[in-house]
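# Coordinate inspection notes
Residue-level listing of the chains:
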Amino acid sequence: QEMQAARAMTNLGNVFHRMDQNRRALSWYEKAREVFVREGGIPLAIIEYNRGNVYANLNELSKARQLYLAAARVYDRAGMEIAENQAVYSVAYLAFLESRYTEALQLFEKVSTAFEQLGDTRSALVASMDIVEMDIQLNQYGSAVMLGESIVPRFNELGMVYEEARTTYFVALARLKLGDHVSARRRLDHARRLFEREGNKLWLGMVTLADSELQRQMNRLGQALQLARKAEKLFVASCRA
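Let me sum up the structure you'll find in this document. These figures come from a predicted structure and were not determined experimentally.

Moving on: the packing of helix α2 (residues 22-39) against helix α3 (residues 42-57). Where α2 contacts α3, the axes come no closer than 9 Å and their chain directions differ by 155°. As far as their axial angle goes, α3 and α2 are roughly antiparallel. The handedness of the crossing between α2 and α3 comes out as left-handed. For the pair formed by α2 and α3, the contact residues are Asn22, Ala25, Leu26, Tyr29, Glu30, Ala32, Arg33, Phe36 and Val37 on the first element and Pro43, Leu44, Ile47, Glu48, Asn50, Arg51, Val54, Tyr55 and Asn57 on the second. Here the residues of the contact of α2 with α3 sort into eleven nonpolar, three polar and four charged.

What follows covers the packing of aromatic side chains. Applying the stated criterion across every chain yields a total of nine aromatic pairs. Taken together, a centroid distance of 5.2 Å and an interplanar angle of 50° make the contact between tyrosine 49 and tyrosine 68 tilted. Taken together, the residues tyrosine 49 in helix α3 and tyrosine 68 in helix α4 (residues 61-77) connect sequence positions 19 residues apart. Centre to centre, the rings of phenylalanine 170 and tryptophan 203 are 6.0 Å apart; their planes meet at 85°, and the pair counts as edge-to-face. On the criterion of sequence distance, the pair formed by phenylalanine 170 in helix α9 (residues 161-177) and tryptophan 203 in helix α11 (residues 201-217) is long-range, its members being 33 residues apart. Overall, the relative accessible area of 4% leaves phenylalanine 170 in the buried class. The rings of Tyr162, Tyr169, Phe170, Phe195 and Trp203 are connected pair by pair, giving a single aromatic cluster. One residue, lysine 31, lies across the ring of tryptophan 28, its end atom 4.4 Å from the ring centre.

Further remarks concern the side chain of serine 123. Within the secondary structure, serine 123 sits in helix α7 (residues 121-137). With sequence-adjacent residues up to four places away left out, serine 123 is seen in contact with Gln86 and Phe115.

To continue, consider the environment of arginine 175. Mapping arginine 175 onto the fold places it in helix α9. The spatial distance from the C-alpha of arginine 175 to the C-alpha of valine 145 is 7.1 Å, given a sequence separation of 30 residues. Apart from residues lying up to four places away in sequence, arginine 175 is in contact with Val145, Glu149, Asp180, Ser183, Ala184 and Arg187.

Moving on, we come to the environment of glutamate 2. Topologically, glutamate 2 is positioned in helix α1 (residues 2-18). Between the C-alpha atoms of glutamate 2 and glycine 40, which are 38 residues apart in sequence, the distance is 14 Å. Apart from residues no more than four positions distant in its own chain, glutamate 2 is found in contact with Val35 and Arg38.

Criteria and cut-off values
- Residues numbered from 1 in each chain as written.
- Predicted model: local features only at pLDDT ≥ 70, side-chain atom pairs only at ≥ 80, totals over all residues.
- Heavy atoms only, no water.
- Axes fitted to C-alpha atoms, helices over the stretch in contact; angles between N-to-C directions.
- Helix = DSSP H or I, 4+ residues; strand = E, 2+ residues; numbered from the N terminus.
- Parallel < 35°, antiparallel > 145°, perpendicular 65-115°, else oblique.
- Left-handed = near helix turned anticlockwise from the far one by under 90°.
- Contact = heavy atoms within 4.5 Å.
- Nonpolar A, V, L, I, M, F, W, Y, C, P; charged D, E, K, R; others polar.
- Phe/Tyr/Trp six-rings, centres within 6.5 Å; stacked < 30°, edge-to-face > 60°.
- Buried < 20%, exposed > 50% of the residue type's maximum accessible area, 1.4 Å probe, protein only.
- Lys NZ or Arg CZ within 6 Å of the ring centre and 35° of its normal.

Encoded structure:
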């Protein structure tokens, strides 16, 4: 009875988390944790991981890291390798947010390899997508292009539209940094079409901003300014959505 109530509390926390009501989500997760901590095991790992997600949203990254690692330890003891690597992946993303790129890159590469070996192709590809983004942060534009262009078709085959769009955008950005305007233009157009299909205004804003930079590099300053203003409107609209 008590465990069933705790699972219901967890579900309530999940609902509020999806609604971006982080404090309310955390409140329900912590009530559920009071039950799960006495029992231990997988339910505790799940609740710690969920709490980590909320703290990450609240920008309390140190607390989020502790919770992700706690979840990883439980999954490790239970022999749940995919779940363990999902938790480690979250730690890697926190390192990326904290601009600790070398650590983040090492962890992303580790979990990407682990996911591939465990047969979790989707998670392996998502980790590879994050490596592409990381390569751009590290000014490794050639590496970003090579890896990004190798995984875009795989996202397409799996119907992972959002991930295909993001990776295509990253490749366009790397091409832009390399001064390859023709290829950057083609990939920005592709990414835009995909994000329009998803109705994702935030990433449409990112694509439009990159397009503005492309126009600036080509000395089309009027078009660059118009696109920058359009990107700003998309960002505002995404915040209101």
